[in-house]
Amino acid sequence: MDKWDIAPGDEWLRNLEQGLRNSRFIVIFFGPDGIGPYQQAEADAALRRQIKQPQHCVIPVLLPGATPEHIAQCSVFLQGINALRFHTLNDPLPHRLLVGLLRREDPERLRQLIRAEAQAPDDLLQTLQSWLSGLSIDWQDGECIIGEGQGERCLNIPDLSASFNADSIEYLLSWKSRLTGLIGREQELQTLHAWADAPQQISCRLITGEGGTGKTRLAFEFARQLHGQKGWQAGEAQGLSGSWYTGGTGTLLVIDYPEQRPDRVRALLEALACQPLTCKLRVLLLGRNGDFLKQLTQTAQTIIASGFELTGLADGADTNADAWQLFQEAWKQLHQRQQRAVPPLPLTPAAFHHWQQRHTTHRRPLFVLALAVHCMKQPGAHELNAPEILRALVQQYEINRLVKEAKQMQLDPHCLVMLRALAAIAGKLPGEALRQLIQASETPPLDIHLPALNQLKQTSLWLDGGIPALQPDLLAADLLHHALTQIADDQAGAWQYCALAAAPDQCEASSILGRLIHDAQFILQRSWPLQALIGWVIQDDERSASVNAALARNNLERSLLPLAIAAGQKAVQAHEQLAQDNFAAHGPALAHSLNNWSKRLAEGVALTIEETKQLMDIKARLRQIKRRVRDEGVQVPARLAWLFESGEPDEDD
């Protein structure tokens, strides 16, 4: 703040005081002549504030020609603070550190910068502009608007490695804890670096793989290397909306589970393909499959590079196998981070190899880590299969803990387990969603009594304004399956529906539920109470309409097809009743529900003879409705015009 910021008649001293109070960092620049009396008063005020509010920071900076004696003349208290020194005004390191502080970057990254070598830039202003430039993503009525300009925040590379928590299974198995180095993915990393170094200005790539294969760990390790070694800005752009700093060399956006928000991701890629960006940009998608990419326009397809699938780690009887190396490293780190002596390995390479040969899922990094963790408590853990190990860990670290906490707070013993489990469907249950869920559980009353929101805020579940889902996903799938089958029992359908209905984004929540069901059925080998959900939904027209709307999307998860078919049939019955009374008002909606129902039926892997007859009957009814709409001149809503412009369904289809 200086004279150009203060209007005539303003009390400039008050303005400066307000500026000091509202600043997170106060930087004191020392030139060769020291500082003047007003700057002395400002520095004294800054130091007094730092004593009262340690979270605020005072940073002395020595400009060319200034010495540490100038700092001592200002205040002896400043002598204990490490100063930034500019050897010349083009010295890049102090500029980069100051920019990092403005961006609120991780202090560890800034310490790494101090240790790294830096080349002096030719022009200071040009360098500052490159550090502060940004990539903007904005949304207007579903359309993605891409722009360049001033950055506002850094892309996020989560890292929990500095806060070891031996009592949290979420920490022990989460990729964010970086319990071990990235083992067995050297070839994939080389492939990704070659993709980043390629001359194309904009490019997108998809990594697919089942749960537990380490897609997210690989992606963010790649992001960390790009940021630390090559000067890229890299990480996750949460929400795909905002303005992020771009790196001088390039920018990497990591998007996890794009199939949860396929329309938004497709719109982003299509906007990027049409945008002449000056920054080098890479978009890395992490998903279970790439079906949604098939619907990209031809223009957007031009920026799509060939993807690859991630599977389990290499296995072998020799001691150099990747999976065995990961197990050994995990065993060592689990003890060293607790400052404990590392005991001998709990099993031999041959025993480990035998465990891996029992099922292909045992080669996935997540399950290798889970085996190492469980071996600390049960030396014979290798006699169990992976789903059994995961269930034992969830029971020990999560379920038992939450039941104990609920009893101590005199709450329903199972309420915290149920809420933690249901949070997985929404990804996170914020306060408003929890209020709705609590209210829904009371009408009609469900067996598990949920506490009031103010009580939940006093529990260990409450974090950043809500209850987050358990991570990784396979843990969440196991916990939710336990809650629905062992706690909810015959009310499993009601609890699943209540969680879907309370989710801030029901469409995205249904996608997450489909993924959790898939993981439980095909990876954890557990049957899912889906029929209970179907039965609860079709009992009520409002519930059925709500679920039908959430599932009305392309690339529906196959695990949700039975639910979509049941909700679609219920929607047809409701619209048929309305159309009987007023065809002009409800005939087009009936045609739409018939079309959706037939589409879901046709998506079945193998239709039975009865289902084929049913599908043919639906198409015949749809043809009749479309003819009647045309013959009677019924006005069709604009949102359904496409259905009546497409002609009648082929009678031989």
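Residues numbered from 1 in each chain as written. Predicted model: local features only at pLDDT ≥ 70, side-chain atom pairs only at ≥ 80, totals over all residues. Heavy atoms only, no water.

**Considerations on the overall build of the protein**
To be explicit about the condition: Only DSSP runs of H or I reaching four residues or more are called helices, and only runs of E reaching two or more are called strands; each is numbered from the N terminus. Working definition: with a 1.4 Å probe on protein chains only, accessible area under 20% of the residue-type maximum means buried, over 50% means exposed, and in between means partly exposed. Any two residues whose heavy atoms approach within 4.5 Å at even a single point are treated as in contact. A residue counts as positive if it is Lys or Arg and as negative if it is Asp or Glu; His and the chain ends are not included. Where a charge lies is defined by one atom per residue type: Lys uses NZ, Arg uses CZ, Asp uses CG and Glu uses CD.
Looking only at helices and strands, one finds 27 helices and 13 strands in the protein. Expressed as a percentage of the 653 residues in the protein, the buried residues total 49%. If you take every contact in the protein between residues at least 6 apart in sequence, the share linking residues at least 24 apart comes to 70%. Here the protein carries 62 positive and 74 negative side-chain charges, and the mean point of each set is 3 Å from the other.

**Describing the side chain of R543**
Stated formally: Any Lys or Arg side-chain nitrogen found within 4 Å of a carboxyl oxygen on Asp or Glu counts as a salt bridge.
Considering the arrangement of structural elements, one finds R543 in helix α23 (residues 541-550). The buried charged residue R543 lacks any salt bridge, with D540 as its nearest oppositely charged partner at 4.3 Å. For R543, the residues in contact, after removing those within four places along its chain, are Y497, W536 and V537.

**Concerning the pairing of strand β4 (residues 133-140)**
Each regular strand carries side chains that alternate between the two faces of the sheet. Defined as follows: A pair of strands is treated as paired once DSSP finds two or more bridges between them.
Where β4 lies against strand β5 (residues 143-150), 8 bridges are found, and the strand directions are antiparallel. Note on β5: the bridge partner recorded for G134 is G149. Hairpin geometry of β4 and β5 is characterised by an intervening segment of 2 residues between the two adjacent antiparallel strands and by a positive phi of about 55° at D141. Two elements, β4 and strand β8 (residues 242-245), share 4 bridges in a ladder whose sense is antiparallel. Within β8, the residue paired with S136 across the bridge is S243.

**Overview of unusual backbone geometry**
Glycine aside, residues mostly have negative phi, and peptide bonds are mostly found in the trans state. For the bond running from T443 to P444, omega is -5°, close enough to zero to count as cis. With respect to the secondary-structure elements, P444 resides in the loop between α17 (431-440) and α18 (453-456). One non-glycine residue, L240, adopts positive backbone phi at about 50°. Inspection of the secondary structure puts L240 in the loop between β7 (233-236) and β8.

**Side note on the packing of helix α12 (residues 322-336) against helix α14 (residues 365-377)**
Just so we agree on the cut-off: Axis angles are defined between N-to-C directions and span 0 to 180 degrees, where every axis is a line fitted to C-alpha atoms and, for a helix, only to the segment in contact. Between 65 and 115 degrees an angle is taken as roughly perpendicular, under 35 as roughly parallel, over 145 as roughly antiparallel, and anywhere else as oblique. A clockwise turn of the near helix away from the far one marks a right-handed crossing, whereas an anticlockwise turn of less than a right angle marks a left-handed crossing. Charged means Asp, Glu, Lys or Arg here, nonpolar means Ala, Val, Leu, Ile, Met, Phe, Trp, Tyr, Cys or Pro, and polar covers whatever is left, Gly included.
Put simply, α12 and α14 touch, their axes get as near as 9 Å, and they point 45° apart. In terms of their interaxial angle, α12 and α14 are classed as oblique. The crossing of α12 and α14 is right-handed. Contacts between α12 and α14 involve A323, L326, F327, A330, W331, L334 and H335 from the first element and P365, V368, L369, L371, A372, V373, C375 and M376 from the second. Looking at the contact of α12 with α14, its residues break down into 14 nonpolar, 1 polar and no charged.

**Things to note about the packing of aromatic side chains**
Keep this limit in mind: By convention, a stacked pair of Phe, Tyr or Trp rings (six-membered ring in the case of Trp) has centres within 6.5 Å and planes under 30 degrees apart, an edge-to-face pair has planes over 60 apart, and any other such pair is tilted. We count a charge as sitting over a ring when the NZ of a lysine or the CZ of an arginine lies within 6 Å of the ring centre and within 35 degrees of the ring normal.
The full count for this structure, using the stated rule, is 7 aromatic pairs. Taking 4.7 Å as the distance between ring centres and 15° as the angle between the ring planes, the aromatic pair formed by W175 and F220 counts as stacked. A residue pair is termed long-range when its members are at least 10 positions apart, and W175 in the loop between α7 (169-173) and α8 (186-197) and F220 in helix α9 (residues 215-230) qualify at 45 residues. On the basis of relative accessibility, which here comes to 18%, the residue W175 falls in the buried class. Looking at F220, the relative accessible area reads 2%, which means it is buried. Between the aromatic rings of W195 and F222, the centroid separation amounts to 6.4 Å while the plane-to-plane angle is 35°, which identifies the pairing as tilted. Of this pair, W195 sits in helix α8 while F222 is found in helix α9, placing the two residues 27 residues apart along the sequence. Judged by relative accessible area, F222 falls into the buried class, the value being 0%. The structure contains a cluster of three or more aromatic residues connected by ring pairs, namely W324, F327, F352 and W355. The ring of W536 carries the charged tip of R543 above its face, separated from the ring centre by 3.8 Å.

**Topic: the sheet that holds strand β11 (residues 308-309)**
The 5 strands are arranged β7-β9-β10-β6-β11 in an open sheet whose pairing can be described as parallel. Of all the strands in the sheet, just β7 and β11 have a single pairing partner and so form its edges. For strand β6 (residues 202-208) and β11, the ladder comprises 2 bridges, and the chain directions are parallel. Within the sheet, the bridge partner assigned to T208 lies in β11 and is E309.

**A look at helix α15 (residues 386-408)**
Put simply, the rule reads: Multiplying 1.5 Å by the residue count of a helix minus one yields the expected span of that helix. The term bend refers to the angle at a residue between two fitted axes, each drawn through seven residues, those ending there and those starting there. Whenever two N or O atoms come within 3.5 Å, that pair is a polar contact, provided that in protein one can donate a hydrogen and the other can accept it, and provided that, for residues adjacent in sequence, both atoms are side-chain atoms.
The end-to-end C-alpha distance of α15 is 32 Å, a good match for the 33 Å that 23 residues give at a rise of 1.5 Å each. Remark: the principal bend of α15, roughly 40°, maps to Q395. Where α15 begins, the side chain of N385 points an oxygen toward the backbone nitrogen of E388, at a separation of 3.0 Å. Q410 occupies a position one or two residues after α15 and carries a positive phi of about 60°.

**A look at the confidence of the model for the protein**
We count it as follows: Think of pLDDT as the predictor's per-residue confidence, scored from 0 to 100.
When pLDDT is averaged along the protein, the result is 87; 90% of the residues meet or exceed 70. Confidence drops under a pLDDT of 50 for residues 117-125, and excluding neighbours within four residues, the segment shows 12 contacts in the predicted structure. Confidence drops under a pLDDT of 50 for residues 649-653, and excluding neighbours within four residues, the segment shows 8 contacts in the predicted structure.

**Digging into the sheet that holds strand β3 (residues 84-85)**
In a beta sheet, neighbouring strands pair by backbone hydrogen bonds and run either parallel or antiparallel. In space, the 3 strands of this open sheet follow the order β1-β2-β3, with parallel pairing throughout. With partners counted over all chains shown, the strands left at the sheet margins are β1 (25-30) and β3, one partner each. Here 6 bridges tie β1 to strand β2 (residues 57-62), and the two strands are oriented parallel to one another. Bridge pairing links F30 to L62 in β2. Strands β1 and β2 of the sheet are contacted by helix α2 (residues 37-52), whose axis makes an angle of about 140° with β2.

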